[in-house]
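# Summary of the model geometry
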Amino acid sequence: MKSWYEEFYLQQKKMPKEKKIYLMAGRRAGKTEANKKLAVQTAVTKPTSKILFLTITFESCVKLYFNSVIEELQDLGYEPVTASRADGYIKLENGSEMFFKGNSTQEYYRDWE
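Rules of the game
Residues numbered from 1 in each chain as written. Predicted model: local features only at pLDDT ≥ 70, side-chain atom pairs only at ≥ 80, totals over all residues. Heavy atoms only, no water. Axes fitted to C-alpha atoms, helices over the stretch in contact; angles between N-to-C directions. Helix = DSSP H or I, 4+ residues; strand = E, 2+ residues; numbered from the N terminus. Parallel < 35°, antiparallel > 145°, perpendicular 65-115°, else oblique. Left-handed = near helix turned anticlockwise from the far one by under 90°. Contact = heavy atoms within 4.5 Å. Nonpolar A, V, L, I, M, F, W, Y, C, P; charged D, E, K, R; others polar. Core = buried A, V, L, I, M, F, W, Y, C linked by side-chain atoms within 4.5 Å. Buried < 20%, exposed > 50% of the residue type's maximum accessible area, 1.4 Å probe, protein only. Pairing = 2+ DSSP bridges. Expected span 1.5 Å × (residues − 1). Bend = angle between axes of the 7 residues up to and from the residue. pLDDT = per-residue confidence, 0-100. Polar contact = N/O pair within 3.5 Å; in protein donor to acceptor, adjacent residues only side chain to side chain.

## Digging into the packing of helix H2 (residues 31–45) against helix H3 (residues 58–75)
Running from N to C, H2 and H3 cross one another at 50°; their axes reach a closest spacing of 10 Å. Overall, the two elements H2 and H3 adopt an arrangement that is oblique. In the packing of H2 onto H3, the handedness of the crossing is right-handed. Side by side, H2 and H3 meet where Thr32, Asn35, Lys36, Lys37, Val40 and Val44 of the first sit next to Leu64, Tyr65, Ser68, Val69, Glu72 and Leu73 of the second. When grouped by side-chain class, the residues that make up the contact of H2 with H3 number six nonpolar, three polar and three charged.

Encoded structure:
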């Protein structure tokens, strides 16, 4: 049985390109910061959102995003109900959840357009 985020990724591949956000930029252009801000905005403004941060490894995902997402939420006046760096998980009072995952096998990237 696939987890929700694995299923989400597979469904994303079927989604029309108009509904996806592509961010192509060079090094040090602020891609991570833009991803973080969009994710936090979505989590705060759309209750029960499920947001997936996915990088090559779990360790890099947590290092790049976890603390800065917590800080961004706190700056906006939102304290997470649950925050576990070890599990890569944040839950907000409005039911929104953030998952931090790694995919070193790149299994789900094979058919990416």
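## What to know about the nonpolar core
Ranked by size, the top nonpolar core spans 17 residues in total, and within it Phe53, Val69, Leu73, Ile90, Met98 and Phe100 carry the most contacts. Among the elements that make up this core, the one with the highest residue count is H3 (seven residues).

## Thoughts on the sheet that holds strand S1 (residues 50–55)
Within the open sheet, the four strands sit side by side as S1-S4-S3-S2. Their pairing is mixed. Single-partner strands in this sheet number two, and they are S1 and strand S2 (82–84). With strand direction ignored, the average angle separating the axes of adjacent strands in the sheet is 10°. In terms of strand pairing, S1 meets strand S4 (residues 97–102) through six bridges, oriented parallel. Each bridged residue has a counterpart across the sheet, and for leucine 54 the counterpart in S4 is lysine 101. Across the sheet, H2 touches S1 and S4, and the angle it forms with S1 is around 160°.

## What to know about H3
Helix length check: H3, at 18 residues, gives a terminal C-alpha distance of 25 Å against a target of 26 Å (1.5 Å per residue), a fit within 8%. Its axis deflected by about 30° at tyrosine 65, H3 carries its strongest bend there. Residues of H3 that are buried: Cys61, Val62, Tyr65, Phe66, Val69, Ile70, Glu72 and Leu73. Buried residues along H3 sit in contact with H2, S1, S2, strand S3 (89–91) and S4. Two residues or fewer past H3, glycine 77 is found with a positive phi of approximately 90°.

## As for the confidence of the model for the protein
The share of residues in the protein with pLDDT of 70 or more is 70%, and the mean pLDDT across the chain is 82. Looking at the elements of the protein, mean pLDDT is at its lowest for helix H1 (residues 4–14), recorded as 64, and at its highest for S3, recorded as 97. Throughout residues 109–113 the model reports pLDDT below 50, and contacts reaching past four residues in sequence, or to other chains, amount to twelve contacts.

## So, the side chain of serine 49
Its location among the elements puts serine 49 in the loop between H2 and S1. There is a polar contact of 2.4 Å between the side chain of serine 49 and the backbone oxygen of lysine 46. Setting aside anything within four residues of it in sequence, one finds serine 49 in contact with Thr42, Ala43, Gly95, Ser96 and Glu97.

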